[in-house]
Amino acid sequence: MSKDAPKALPILPAKDGRETPLFAVVMILCFCACLAGLAALAAGRAASLWTAGLSTGVTVRVIEPRDPAKIADLAAAFGALPGVTEARVISEAELSELLEPWLGAGGLPQDAPIPSLIALEVDPSASPSSAQLIEIMRARDVRGEVDGHDRWAQEVLTAAGQVRGVAFGALGVLAFAAASVVAFAARAGLAIRRDVVETLHLIGARDGFIAGLFQWRYLRLGLSAGAFGAVLALASVFLIAATRPSAADRDWLLPSFSPDLLDIAAIACAPLLAGAIAMLTARVTVLQQLRRKL
Amino acid sequence: MTAQPHGIVELDRVAVRYGEQAVFANLSLRLEQGSFTILTGPSGAGKTSLLQLLYLAQPPSAGRVFVLGRDLAGVKRAERHKLRRRIGVVFQEHGLLDHLSAFDNVALPLRAAGQKPKDYAKDVLDLLTWVGLRDKVAALAPSLSGGERQRVAIARAIVGKPNLLIADEPTGNVDAEMSGRILRLFQELSRRGVTILIASHDVNFMRESGARIIRLADGALTEGPPARAMEKA
Ligand SMILES: Nc1ncnc2c1ncn2[C@@H]1O[C@H](COP(=O)(O)OP(=O)(O)O)[C@@H](O)[C@H]1O
Ligand SMILES: [Mg+2]
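Every chain's residues receive numbers from 1 upward, in the order its sequence appears when written. Numbering of ligands from 1 and lettering of chains from A proceed in the order in which they are written. A pLDDT threshold of at least 70 governs which residues receive local features in this predicted model, and a stricter bar of 80 or more applies before side-chain atom pairs are shown or counted, although totals over entire chains, interfaces and linings include all residues. Values reported for side chains reflect all heavy atoms of the structure, with hydrogen atoms and water molecules removed beforehand.

Section: the overall build of chain B
Argument step 1. In this description a helix means any DSSP run of H or I spanning at least four residues, a strand means any run of E spanning at least two, and both kinds are numbered starting from the N terminus. A count of helical and extended segments in chain B gives eight helices and ten strands.
Argument step 2. Taken over C-alpha atoms, the radius of gyration comes to 17 Å for chain B, in line with the 17 Å a tight globule of 233 residues would show.
Argument step 3. Once the C-alpha set of chain B is aligned to its principal axes, its extents read approximately 45 × 45 × 40 Å.
Argument step 4. Relative accessibility under 20% of the residue-type maximum defines a buried residue, over 50% an exposed one, and the middle range a partly exposed one, all with a 1.4 Å probe and only protein chains included. Counting across all 233 residues of chain B, residues that qualify as buried make up 55%.
Argument step 5. Long-range pairs, those at least 24 residues apart, make up 69% of the contacts in chain B with a sequence separation of at least 6. The globule rule used here is 2.2 Å times the number of residues to the 0.38 power, and the radius of gyration it is set against is calculated over C-alpha atoms. Any two residues having at least one pair of non-hydrogen atoms within 4.5 Å are treated as being in contact.

Written out as structure tokens, the structure reads:
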């Protein structure tokens, strides 16, 4: 290069004050989307906590008959049901142990009408209903009860599913709104650069060359504005987590707001998405503008 | 280059219409290789519109346009940039990019064609020297005077060594002395064999140019300037 030639400036100015609103819009939308995403993840986690462990065990209390062989038979029949992973008769020793805090050492009075218990381990998503279990007992002439927490377990499962659904639905809506606004803002940003498109077109630049200039620039703009928004969101959440009094005993109810790796990975997607949307919009918009020309 | 069947420029019964308004119709013109022509006529006659047909800024509403031997109707969209690179244009409004220096504005067509600074720096500097702007290479376009901007625009139009040079009112906003300097640049290019078509109603410019003069008025082209206009100057 000749020593007197000034350093070549970028064909599109590196910084354009008129793009500040676009930057701000992308940043704010990314911030909101990240918060919504974190909330959705936290709600999903809370819902998992509610349902974890609560519905995997079902207890069947057999009142009559007391014949161990018949009870073992019944347990085997339960065990064969789809959705039941294990059916186990609880031994008297175990029972005594379980009841010890209430009855004191020394165990059960010999003549106490202690029912026999069958503990079922079930797959919560495919568990047989209480009615099914009772039907099986009736068919065998067994009188007993099912410790039917499956009804409220089902309700909790439904509620947890709804919480998850609403959270991710809200996230989806927000992401869509964010994407539309980013695209809209990118179009507005490009409108002020029509002169560059026009001039380059007439001096013989290929459409791809012109679109390329804008596309990389908007990718960069989307990425950096998105990163700003994401970092801001993450910082806010860390702040909430840090200032909230330790609440380990309440974690099963309140969404846990201490971001983990999954959260950070999800948040990292937001700037990438913002960058990709801005880039695609820029490319499509410029190519459209050019296609209207000769 | 051998003589082309359609000259370097040929308009064959072309029309330009904007909506209901017919600017001109049934207009024919032929420019030979290496010719120097000035298109004159009152403001609003359609000079810019005619030039735009030739630098592929708009298609004719009717008729056929040949540029550099090619029927423009037959040039595919994906090929047009190649033709545009062989046509240098000085736009009526300069068309300089305000955020770029004189140097970068001149280099723009070469960058758009994929050249790297080390390949074009010397050519661009030589050209800026030739138009008398050696000490303005790093100046941003808005800081230049009207005459300086015109010369940057001319340098940009010829940096790609075009076969055809089109200039729309290149002396529109400059004083008589600058107008003379700009004319000498065009005359030098003409001597080097570039085909030149300039739209102008600068009477001194026309008279001193020694160029073929064609006049567009009321939708029709006539040869030679109106004697009255030349006398008045
Ligand atoms: N893009 C356009 N759309 C509508 N009308 C136009 C357009 N360009 C030019 N015109 C009209 O066409 C006529 C010729 O304009 P123009 O070619 O610029 O003439 P000149 O360059 O001779 O002054 C004018 O009446 C002008 O208003
Ligand atoms: Mg004009």
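The structure having been displayed, the exposition proceeds.
Considerations on the site of ligand 1
All names here are of chain B.
Argument step 1. Surrounding ligand 1, one finds Tyr18, Gln21, Val23, Pro42, Ser43, Gly44, Ala45, Gly46, Lys47, Thr48 and Ser49.
Argument step 2. N or O atoms closer than or at 3.5 Å make up a polar contact, with two conditions inside protein: a donor-capable atom paired with an acceptor-capable one, and, for residues adjacent in sequence, both atoms drawn from side chains. Backbone polar atom of Lys47 to an oxygen atom of ligand 1: 2.8 Å apart, as the coordinates give it.
Argument step 3. We get accessible surface area from the Shrake-Rupley algorithm with a probe of 1.4 Å; when it comes to residues, only the shown protein chains can shield them. Taken by itself ligand 1 offers 560 Å² of open surface, and the protein chains cover 59% of this.
Argument step 4. Elements supplying a minimum of two residues to the shell around ligand 1: β2 (21–31) and α1 (47–54).
Argument step 5. Tallied by class, residues from the shell around ligand 1 come to four nonpolar, six polar and one charged. In this text, near means that some heavy atom of the residue lies within 4 Å of the molecule or strand in question. Side-chain classes are defined by residue name, with Ala, Val, Leu, Ile, Met, Phe, Trp, Tyr, Cys and Pro counting as nonpolar, Asp, Glu, Lys and Arg as charged, and the others, Gly among them, as polar.

A look at the layout of surface pockets
Argument step 1. For cavity detection a 1 Å grid was placed over the protein atoms alone, and a set of points counts as a cavity when a 1.4 Å probe fits there but cannot get out; an open set counts as a pocket when protein lies on both sides within 12 Å along at least five of seven lines, with lining residues being those that have an atom within 4 Å of a point. Grid points are joined across faces, edges and corners, and a volume is the space filled by probe spheres set on the points. Empty space within the largest pocket amounts to approximately 400 Å³.
Argument step 2. Contributing to the lining of the largest pocket are 21 residues, with Glu198 and Leu202 of chain A together with Gln52, Tyr55 and Phe91 of chain B lying nearest its centre.
Argument step 3. Looking at the lining of the largest pocket, the elements that each hand over two or more residues are α6 (194–202) of chain A together with α1 of chain B.
Argument step 4. It is α6 of chain A that contributes the most residues to the lining of the largest pocket, four residues altogether.

Observations regarding the interface of chain A and chain B
Accessible area lost during the coming together of the parts is what is often quoted as the interface size.
Argument step 1. Every contact between the two is made by 29 residues of chain A and, on the other side, 32 residues of chain B.
Argument step 2. When two parts are brought into contact, each loses some accessible area as probed by a 1.4 Å sphere; the total of that loss over both is the buried area. Interface area for chain A against chain B, summed over the two sides, is near 2600 Å², with a carbon-plus-sulfur share of 67%.
Argument step 3. For chain A, the biggest contributors to the area lost against chain B are Leu202, Ile203 and Leu294 of chain A; these three give 29% of the whole.
Argument step 4. Salt bridges, as used here, are contacts in which a Lys or Arg side-chain nitrogen is within 4 Å of a carboxyl oxygen on Asp or Glu. At the junction of chain A and chain B, the tally comes to one salt bridge.
Argument step 5. Here Arg77 of chain B makes a salt bridge to Asp207 of chain A, at a shortest N to O gap of 2.6 Å.
Argument step 6. The tally of links from chain A across to chain B stands at eight residue pairs in polar contact (both at pLDDT 80 or more).
Argument step 7. Of all the elements in the fold, those that place two or more residues in the side of chain A that touches chain B are α6, α7 (207–243) and α8 (261–291) of chain A.

What about the side chain of Thr40 of chain B?
Argument step 1. Mapped onto the fold, Thr40 of chain B is located in strand β3 (residues 36–40).
Argument step 2. Among all residues touching Thr40 of chain B, those that are not within four sequence positions of it are Lys47, Ser200, His201, Met206, Ile213, Ile214, Arg215 and Leu216 of chain B.

What to know about the coordination of the magnesium ion (ligand 2)
Residues and elements named next belong to chain B.
Argument step 1. Taken together, Thr48 (OG1) and Gln92 (OE1) make up the protein donors of the magnesium ion (ligand 2), found 1.9 to 2.5 Å from the metal. Of this pair, Thr48 sits in helix α1 while Gln92 is found in the loop between β6 (87–90) and α3 (102–112), placing the two residues 44 residues apart along the sequence.
Argument step 2. Classification of Thr48 as partly exposed rests on a relative accessible area of 22%.
Argument step 3. For Gln92, a relative accessible area of 31% puts it in the partly exposed group. Metal-coordinating donors are taken as N, O and S atoms lying within 2.8 Å of the metal, or within 3.2 Å when the metal is Na, K or Ca; because water is left out, some sites can appear incomplete.

A closer look at the pattern of salt bridges
All names here are of chain B.
Argument step 1. Going through the model one piece at a time under the given rule, you end up with 19 salt bridges over all chains.
Argument step 2. Between Arg192 and Glu188 there is a salt bridge; the shortest N-O distance is 3.1 Å.
Argument step 3. Arg192 gets classed as exposed once you look at its relative accessible area, which sits at 54%.
Argument step 4. Residues participating in the shared-partner salt-bridge network are Glu10, Arg30 and Glu32.

Quick look at the packing of aromatic side chains
Argument step 1. Aromatic pairing here means that ring centres of Phe, Tyr or Trp (its six-membered ring) are within 6.5 Å. Orientation follows from the plane angle: under 30 degrees is stacked, over 60 is edge-to-face, and everything else is tilted. Summed over the entire model, instances satisfying the criterion amount to four aromatic pairs over all chains.
Argument step 2. Their ring planes at 70° and their centres at 5.8 Å tell us that Phe23 of chain A and Phe228 of chain A sit as a pair that is edge-to-face. With a gap of 205 residues between them, Phe23 of chain A in helix α1 (residues 20–51) and Phe228 of chain A in helix α7 connect regions that are remote in the sequence.
Argument step 3. The positively charged end of Arg192 of chain B is found above the aromatic ring belonging to Trp130 of chain B, 5.3 Å away from the centroid. Consider the ring centre and the ring normal. A charge sits over the ring if Lys NZ or Arg CZ is within 6 Å of that centre and within 35 degrees of that normal.

Things to note about the nonpolar core
Argument step 1. Ranked by size, the top nonpolar core spans 75 residues in total, and within it Leu200, Ile210 and Phe214 of chain A together with Phe24, Leu50, Leu54 and Ile87 of chain B carry the most contacts.
Argument step 2. Per-element accounting of this core gives the leading share, eleven residues, to α7 of chain A.
Argument step 3. In this text, buried Ala, Val, Leu, Ile, Met, Phe, Trp, Tyr and Cys residues form a nonpolar core when linked through side-chain atoms within 4.5 Å. Within the second largest apolar cluster, 45 residues are counted, among which are Ala5 of chain A together with Ala121, Val137 and Leu189 of chain B.

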